[in-house]
Amino acid sequence: MAQPTFSTHLGMVDILPGEVEQWHTLERIIHEEAKKFNFEEIRTPILEQTELIARGVGQLTDIVSKEMFAFERGEDQYVLRPECTAPVARAYVEHHLDQRGGTQNLYYIGPMFRAEKPQKGRQRQFHQFGAEIIGAQDPAADVDIIALMMSIYDRIGIRNTTLKINSVGDPESRKIYTKALKDYLRPHLAELSEISQKRFENNPLRILDSKEQEDQPIVDNAPVITDFLTDETADHYKRVKALLRELNISFVEDPHLVRGLDYYTRTAFELISPDLGAQDALGGGGRYDLLIEEIGGQPTPAVGFAAGIERLLIACEELDIKLAEEDMLDVYIVTLGEKARSWAIKHLPRLREAGLSASMDYIGRSIKAQMKDADRENARHVIIVGENELSEGKFVLRDMKASEEVALPFDDILEELSA
RNA sequence: GAGCCUGUAGCUCAGUUGGUUAGAGCGCCAGGUUGUGGCCCUGGAGGCCGUGGGUUCAAAUCCCAUCAGGCUCCCCA
């Protein structure tokens, strides 16, 4: 295959006609469900200040330490956003959205960027949708966020998923737990994988998430954070679980679930699909009560989720879920000769004004080629215009499915098709 | 960052132990139907066999390098 002069960058893909329709369907469902849950859309810039992401997401995370597309221009440090919770929190603080009163229920859809090695379900530019409830610390908020996420998957038809939840604690319980965990791990340190050894000092909680074979027996017997929660946080977790049960949202507790972003506190959750392969997380989220203060706002509790659209599409394909029908065209005008073509270009607007989708041949193809083209475009009707029709003022209207034709004045055709 | 796999037509892929002008299906264009789509028939266009080098009388085929892509580990959406 001859190499084209230009191609997309590694891990970035074009979404072509024929695929875009599925995105429209997904986006429509997301908008509709978000509206039902009384969430408002927010759109933030693709580029943020690097420092916002570094502080918000956490210096030690993989995302910040090695996956950012960052550059500088003049004095300013830019980064292509790798996720959208920190940007939404920034917008909340910057525009004093708390002054609108109550909680802010916000959702977003858009591209995110992480400089990882691409594989199935992982691209460098990928798309997420997500939602945040800012200003509520009640378990009802945690549960409504999860309910919104689940409701979107349910609408799409993806139901064989597993919701995993955990509580990653608040700073106080985490301090107690971290000490207990390190006390437990210290005698086993030499047996741990290299990467886990590196995490021992700066991020021991992440060792729990390890998928390294040699770590498994050690991790399996490690103390779990849920045994070290402060009373308040333990109660919060208990109430989240109770509410989920009442809503018939099934879940499994995973005491080793630790999400890769630093800002999570208390509730953490992840939605797993068996249809995805290696990258099996459809979406995830949790509570981040410290983030807004961290980036310069007032202490404000918040909870949210983010989910990947590409992974959703993979799951749909695996499950044979059809997201979009083929586009239909209402009318295709087939023309014979120069005069007919100029008649057609002048009459297309009237069809379109009547709310019909309408097109024609621009390149003087044969009638046969035009009919073929009309068929390819899924035209419901064809109007045939030639010398005879122009002189008689009656045009052939062909119903493509029924293969029936009538000759009518244009106004009658318009009326017929608008009916 | 590490491992494994794959590069032949627009797409999906054949291509025997190296051996004439490199094939199929689908798609595209045209004709069969001097003004009618789908089905059918016929024809046509379209390939530096990813790129560079080597072995050989001879390379899509063997060897080396390189580039690109896919999958996996790590991590995440």
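Residue numbering note: each chain is counted from 1, following its sequence as written. Numbering of ligands from 1 and lettering of chains from A proceed in the order in which they are written. Only residues with pLDDT of at least 70 are given local features in this predicted model, and only at 80 or more are side-chain atom pairs given and counted; all residues enter the totals for whole chains, interfaces and linings. Neither water nor hydrogens contribute to the side-chain values; these are computed over all heavy atoms in the structure.

Per an unreviewed UniProt entry, chain A goes by Histidine--tRNA ligase and derives from Fodinibius sediminis. UniProt positions are given in the numbering used here, feature names are shortened, and annotations may be inferred rather than shown by experiment. Quoted verbatim from the Catalytic activity (unreviewed entry) field of the UniProt record, the comment on chain A reads "tRNA(His) + L-histidine + ATP = L-histidyl-tRNA(His) + AMP + diphosphate + H(+)". As stated in UniProt under Sequence similarities (unreviewed entry), the record for chain A gives "Belongs to the class-II aminoacyl-tRNA synthetase family."

1. Here we look at the overall build of chain A
When its secondary structure is counted, chain A shows 15 helices and 16 strands. Values of the radius of gyration come from C-alpha atoms, whereas the globule rule sets the reference at 2.2 Å times the count of residues to the power 0.38. Taking 419 residues into account, the globule formula puts the C-alpha radius of gyration at 22 Å, and chain A, at 28 Å, lies well above it. Here chain A holds 419 residues, and the buried ones make up 50% of them. Residue contacts follow a heavy-atom distance rule, with two residues in contact if any of their heavy atoms lie within 4.5 Å. Of the contacts formed within chain A by residues at least 6 apart in sequence, a portion of 70% connects residues at least 24 apart. Summed over its atoms, the accessible surface of chain A is roughly 21,900 Å², and 48% of this surface lies on carbon and sulfur atoms. His is not counted here, nor are the chain ends, while Lys and Arg score as positive and Asp and Glu score as negative. Throughout, a charge is located at the NZ atom of Lys, the CZ atom of Arg, the CG atom of Asp or the CD atom of Glu. In chain A, which carries 49 positive and 73 negative side-chain charges, the distance between the mean positions of the two groups comes to 1 Å. Helix and strand definitions follow DSSP, with helices as H or I runs of at least four residues and strands as E runs of at least two, each counted in order from the N terminus. Only protein chains enter the accessibility calculation, which uses a 1.4 Å probe; a residue whose area is less than 20% of its type maximum is buried, one above 50% is exposed, and one in between is partly exposed. In this description, accessible areas are obtained by the Shrake-Rupley approach with a 1.4 Å probe, and a residue is regarded as covered only by the protein chains that are shown.

2. Side note on a nonpolar patch on the surface
Each patch is assembled from residues with relative accessible area greater than 30% and no salt bridge, linking like charges that lie within 9 Å and nonpolar side chains (Val, Leu, Ile, Met, Phe, Trp, Tyr) that lie within 5 Å. When a carboxyl oxygen of Asp or Glu is within 4 Å of a side-chain nitrogen of Lys or Arg, the pair counts as a salt bridge. A cluster of nonpolar side chains, contributed by Ile46, Leu47 and Phe71, occupies part of the molecular surface with about 230 Å² of accessible area. Inspection of the secondary structure assignment puts isoleucine 46 in the loop between β1 (40–41) and β2 (47–49). By relative accessible area, isoleucine 46 is classed as partly exposed at 32%.

3. Digging into the nonpolar core
Take the buried Ala, Val, Leu, Ile, Met, Phe, Trp, Tyr and Cys residues and link them wherever side-chain atoms come within 4.5 Å; each set so joined is a nonpolar core. The biggest cluster of nonpolar side chains holds 61 residues, and the ones touching the most others in it are Phe39, Phe129, Tyr153, Ile156, Ile158, Leu163 and Phe305. Residues within four places of isoleucine 158 in sequence aside, it is in contact with Tyr153, Leu282, Leu312, Ala315, Cys316, Leu319 and Ile321.

4. A few points about the side chain of arginine 81
Relative to the elements of secondary structure, arginine 81 occurs in the loop between β4 (76–80) and α4 (85–94). Within the buried set, arginine 81 has no salt-bridge partner at all; the shortest N-O distance to an opposite charge, 6.3 Å, is to glutamate 48. The term polar contact refers here to a pair of N or O atoms within 3.5 Å; inside protein, the definition further demands a hydrogen-donor-capable atom paired with an acceptor-capable atom, and it admits residues adjacent in sequence only when both atoms are side-chain atoms. In terms of polar contacts, arginine 81 uses its side chain to reach the backbone carbonyl oxygen of threonine 44, at 3.1 Å. Within the structure, arginine 81 has its side chain in polar contact with the backbone oxygen of proline 111 (distance 2.8 Å).

5. So, the pattern of salt bridges
In total, this model carries 28 salt bridges according to the counting rule given. Across the pair glutamate 318 and lysine 120 runs a salt bridge whose closest N-O atoms are separated by 3.9 Å. Here glutamate 318, found in helix α11 (residues 309–318), pairs with lysine 120, found in the loop between β5 (104–113) and β6 (125–134); they are 198 residues apart in sequence, far enough to count as distant. When its relative accessible area of 45% is taken as the criterion, glutamate 318 is described as partly exposed. One salt bridge in this structure joins arginine 341 and glutamate 338, with 3.2 Å as the shortest N-O distance. Placement of both arginine 341 and glutamate 338 in helix α12 (residues 338–353) is noted, with a separation of three residues, approximately one turn of the helix. Glutamate 338 gets classed as exposed once you look at its relative accessible area, which sits at 60%.

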